[in-house]
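In case you want the letters, here they are:
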Amino acid sequence: METDLRLESSLWIGNKRYRAVLTGWHLKWTEADKKNGDKKTVSVPVAEVVGVENGRVEILPQKSVEDTDKDFTVFYIKRSRSRSTYGLLWSLGRTQFSCPSRVLRDQWTNHLRTALKTHSPLRPHRLLVFINPFGGKKKGREIYHSLVAPLFELAGISSHVIVTERANQARDHLLKKDLTGFDGVVCVGGDGMFSEVLHGLIGRTQQEAGLCETDPAVTLQPCPLHIGIIPAGSTDCVCYATVGVIDPVSSALHIIIGDSQPLDVCSVHHASTLVRYSVSLVGYGFYGDVLAESEKHRWMGPLRYDYSGTVVYLSNRSYAGIVQYLPADPLLSSPKDKTRCLSGCNVCSRSTERLFPHTSDSGSLYSSHFSQYSNDSEGEWVSVEGRFRCVSITCMSSSCARSPLGLSPSAHLADGTGDLILVWDTHPLSFLKFLYRHTSTQDQFDLPFVEVHRVKAVRFSLPDGREEEVHEGIGELNRAIEEREYVDTVSRNGSQQQLAQSVVERETMNEHKTVASILCGLCCKKTPAVSVWNCDGEILPFTEIFCRIHGQLVRLYARGIEDGAAMQNCSQESDKNKSRCITYK
Ligand SMILES: CCCCCCCCCCCCC/C=C/[C@@H](O)[C@H](COP(=O)(O)O)NC(=O)CCCCCCCCCCCCCCC
Ligand SMILES: Nc1ncnc2c1ncn2[C@@H]1O[C@H](COP(=O)(O)OP(=O)(O)O)[C@@H](O)[C@H]1O
Ligand SMILES: [Ca+2]
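The structure contained in this document is the topic of the report that follows. Owing to the predicted nature of the structure, the values given are computational and were not obtained by experimental measurement. Numbering of residues begins from 1 in every chain and follows the order in which that chain's sequence is written. Here every chain gets a letter starting at A, and every ligand a number starting at 1, in the order they are written. Given that the model is predicted, a residue must reach a pLDDT of at least 70 before its local features are reported, and side-chain atom pairs must reach 80 or more before they are shown or counted; all residues, however, enter totals for whole chains, interfaces and linings. Each side-chain value is derived from all of the structure's non-hydrogen atoms; neither hydrogens nor water enter the calculation.

### Considerations on the coordination of the calcium ion (ligand 3)
Piece 1. Coordinating donors are taken to be N, O and S atoms lying within 2.8 Å of the metal, or within 3.2 Å when the metal is Na, K or Ca; because water is excluded from the atom set, some sites may appear incomplete. At 2.3 to 2.5 Å from the calcium ion (ligand 3) lie its protein donor atoms, namely Asp-264 (OD), Cys-395 (O), His-412 (O), Asp-415 (OD) and Thr-417 (O).
Piece 2. Going along the chain, you hit the donors of the calcium ion (ligand 3) in the pattern D-x130-C-x16-H-x2-D-x1-T. A residue pair is termed long-range when its members are at least 10 positions apart, and Asp-264 in strand E14 (residues 261-270) and His-412 in the loop between strand E18 (382-394) and strand E19 (418-424) qualify at 148 residues.
Piece 3. The buried label applies to any residue whose accessible area, calculated with a 1.4 Å probe on protein chains only, is under 20% of its type's maximum; exposed applies above 50%, and partly exposed to all values in between. Taking the relative accessible area as the measure of exposure, His-412 reaches 2% and is therefore buried. Under the scheme used here, helices are H or I runs from DSSP no shorter than 4 residues and strands are E runs no shorter than 2 residues, and both carry numbers assigned from the N terminus.

Now the structure itself:
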């Protein structure tokens, strides 16, 4: 195969002659008329070629084609360091080559196109794109049409675009409509939009596999369609933590070349009902209160979180609770080991082998039956009780612009575990210190009132007697239920079993509402006794929950964070090493 695709010849770029070589894996070109010591080689992995066009082609700012017989243009990925973040920015590189003859030109373009097909099996051909026109700074449509669509077109990807007209439209579409022919789903928006796609795809996959999502013990089926995220939201934590930069062009290029990053998902249950799925934050106390407060200030856009964060901080609350957790195997990794999950992470790769032991390639991944718990050594549940400033569970680092290293800097994207962060009640200034450390490289876990545990499951409950207390939290919750029609959609779209379940859920909520409205008047002057859960930016309608991590349940068009520091080291190396370094393979 490798030898079949090999092609070598002299080519011209501008008025300089180059020796160009295509092996199976790389396209390289070296200046021909220089002395050996001065020769520079550019090496582009075939997997990172975006497109090959006949003629002299430019696509930015607008597509122009000078259709000459002897020229061809190669578009590929170029990297640069981002000034503000740790990851690498990707942009579109372009080189126009001239050949001595048309025959040779056709040979080059044919060989390159064949090499692309052979070496990038996961490149999408057809994508379903959802744009939330109201996410973040309301620029979703503009971002997609000006920055992303031209790249998809260049790469020969056809896309079916839906601009959403209401919340949950994307989720409902994925649950109900025909998805044949699509290789992946792209969401243009923020974490809320991603969450819709996540719920739609996980729900659809379980429906088709005949699995019951409401059973917390069931081993869920991984989703066959990849998810791409074009960031256009407020926090954009999932994009930041899986790509390392918030940049629509970088994300579009990851989609085009069919990068594949598995991701752990946390299911949240209440009394054998599925409440939601989460990939980043399931947070009680501070983060729940910030979200509840921020819903009132949506008009502020992304700034609503900073404003609400300050208001909630100043209200100085802590909450009683019982946290039980099932620790993950401590021999595999630790949330305090100061490592980072980067592109090609070993801890995650070993997890893939553990979670999907019979598969060596991702193609057959989805047909394998496996049990996440059976081959792990079961640990013992641990229980702690007390007053907490916040209780957070995160399946990944949850890095974002506010916190470049994230809630748990050493968490892994795809290791089948989550990190449980317990912040015990403490002096307000100490809590501020904890929060502030998220903004720098200082260790937020190195504080006496903070604990962090790597876990497979967590249960949260209220101490005896607390369930009856009335609180602002349930008031907030009721508003959230009304605003978000939380369970309605399940009853509209679900199976008979889901329908029955949703009736139970609705009754439970109505009970909550009644108790809340009777008792709220009696004690609303008190500090609230109960907070709410923030689940990836949604308020949960239950306080007592059971969370379980499902290893690698979905796959994103991403590859994890590329180490910007490593690239700098590479740039100081010889040209030969440099080209190897920047492939990251
Ligand atoms: C003093 C500085 C404190 C900085 C604290 C930073 C902690 C940042 C943790 C971020 C975790 C992000 C997890 C992701 C959550 C998102 O899914 C979710 C939805 O996002 P979307 O609207 O884009 O759809 N976003 C959120 O729930 C937002 C949570 C944000 C919490 C930020 C809190 C800011 C706190 C500012 C406190 C200021 C105290 C000042 C006192 C004088
Ligand atoms: N057309 C729409 N109108 C109103 N809400 C929408 C629409 N499309 C999506 N949504 C909802 O908007 C919420 C926020 O969207 P998101 O894209 O995450 O932006 P942000 O990061 O600013 O919160 C999501 O929960 C999503 O369900
Ligand atoms: Ca994880």
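### Points about the site of ligand 1
Piece 1. The rule for a residue being near a molecule or strand is that one of its heavy atoms must lie within 4 Å of it. Residues in close proximity to ligand 1 total 25 residues, the closest being Asp-191, Gly-192, Thr-235, Tyr-305 and Asn-534.
Piece 2. Taking Arg-304, its side chain carries an N or O atom lying 3.3 Å from an oxygen atom of ligand 1.
Piece 3. Residue burial considers only the protein chains on display, and all accessible areas are found by Shrake-Rupley using a 1.4 Å probe. The fraction of the free accessible surface of ligand 1 (940 Å²) that becomes covered by protein chains is 88%.
Piece 4. Put simply, the parts of the chain that give the shell around ligand 1 at least two residues each are helix H5 (191-209), helix H9 (304-315) and helix H11 (428-437).
Piece 5. Of all the elements, H9 adds the most residues to the shell around ligand 1, at five residues.
Piece 6. Any residue outside Ala, Val, Leu, Ile, Met, Phe, Trp, Tyr, Cys, Pro, Asp, Glu, Lys and Arg is labelled polar, Gly included; the first ten of those are nonpolar and the last four are charged. Class assignment for the residues of the shell around ligand 1 results in nine nonpolar, 11 polar and five charged. Counting of polar contacts relies on pairs of N or O atoms within 3.5 Å, with two restrictions inside protein: one atom must be capable of donating a hydrogen and the other of accepting it, and residues adjacent in sequence are counted only when both atoms are side-chain atoms.

### Some details on the packing of aromatic side chains
Piece 1. Pairing of aromatic rings covers Phe, Tyr and Trp, the last through its six-membered ring, and needs centres within 6.5 Å; plane angles under 30 degrees mean stacked, over 60 mean edge-to-face, and all others mean tilted. Throughout the structure, instances matching the rule amount to 15 aromatic pairs.
Piece 2. On the numbers, 5.4 Å between centres and 75° between planes, the contact of Phe-286 with Tyr-287 is edge-to-face.
Piece 3. Classification of Tyr-287 as buried rests on a relative accessible area of 14%.
Piece 4. The interplanar angle of 15° and the centroid separation of 6.5 Å between the aromatic rings of Tyr-313 and Phe-431 together place this pair among those described as stacked. Here Phe-431 lies in helix H11 and Tyr-313 lies in helix H9, a separation of 118 residues in the sequence. Exposure class is identical for Tyr-313 and Phe-431. Each is buried.
Piece 5. One aromatic cluster is present, formed by Trp-29, Phe-72, Tyr-76, Phe-97 and Trp-108 through successive ring pairs.
Piece 6. Any Lys NZ or Arg CZ found within 6 Å of a ring centre and within 35 degrees of that ring's normal is scored as a charge over the ring. Note that Arg-459 overlies the ring of Trp-381, its terminal NZ or CZ placed 5.8 Å from the centroid.

### Brief notes about the environment of Leu-11
Piece 1. Note on placement: Leu-11 falls in strand E1 (residues 7-13).
Piece 2. For Leu-11, a relative accessible area of 1% gives the class buried.
Piece 3. Once the C-alpha coordinates of Leu-11 and Ser-80 are considered, the two residues, 69 residues apart in sequence, prove to be 27 Å apart.
Piece 4. The contacts of Leu-11, once residues within four sequence positions are left out, are Lys-16, Arg-17, Tyr-18, Ala-20, Phe-72, Phe-97, Ser-98, Cys-99 and Trp-108. Here a residue-residue contact requires only that any non-hydrogen atoms of the pair lie within 4.5 Å.

### Quick word on the site of ligand 2
Piece 1. Residues in close proximity to ligand 2 total 21 residues, the closest being Gly-136, Thr-164, Gly-190, Glu-196 and Ser-234.
Piece 2. Contact between ligand 2 and Thr-164: a nitrogen atom at 2.7 Å from a side-chain N or O atom of the residue.
Piece 3. Interatomic distance of 2.7 Å between a backbone N/O atom of Gly-190 and an oxygen atom of ligand 2.
Piece 4. Notes on ligand 2: free accessible area 560 Å², of which the protein chains cover 87%.
Piece 5. The dominant element in the shell around ligand 2, judged by the number of residues it contributes, is H5, at four residues.
Piece 6. Residue classes in the shell around ligand 2 are distributed as four nonpolar, nine polar and eight charged.

### Brief notes about the pattern of salt bridges
Piece 1. The salt bridge definition used is simple: a Lys or Arg side-chain nitrogen within 4 Å of an Asp or Glu carboxyl oxygen. Here the structure, examined in full by the defined rule, presents 22 salt bridges.
Piece 2. Arg-79 serves as the salt-bridge partner of Glu-562, at 2.9 Å between the closest nitrogen and oxygen. In this pair, Glu-562 is assigned in the loop between strand E23 (545-556) and helix H15 (564-571) and Arg-79 in strand E8 (residues 71-81), connecting sequence segments 483 residues apart. Of the two residues, Glu-562 and Arg-79, both sit in the buried class.
Piece 3. Here Asp-306 makes a salt bridge to Arg-402, at a shortest N to O gap of 3.3 Å. Of this pair, Asp-306 sits in helix H9 while Arg-402 sits in the loop between E18 and E19, placing them 96 residues apart in sequence.
Piece 4. Given a relative accessible area of 34%, Arg-402 falls into the partly exposed group.
Piece 5. Connected through salt bridges with shared partners, the residues Glu-48, Arg-79, Asp-259, Arg-559 and Glu-562 form a single ionic network.

None of this, on its own, says anything about what the molecule does.
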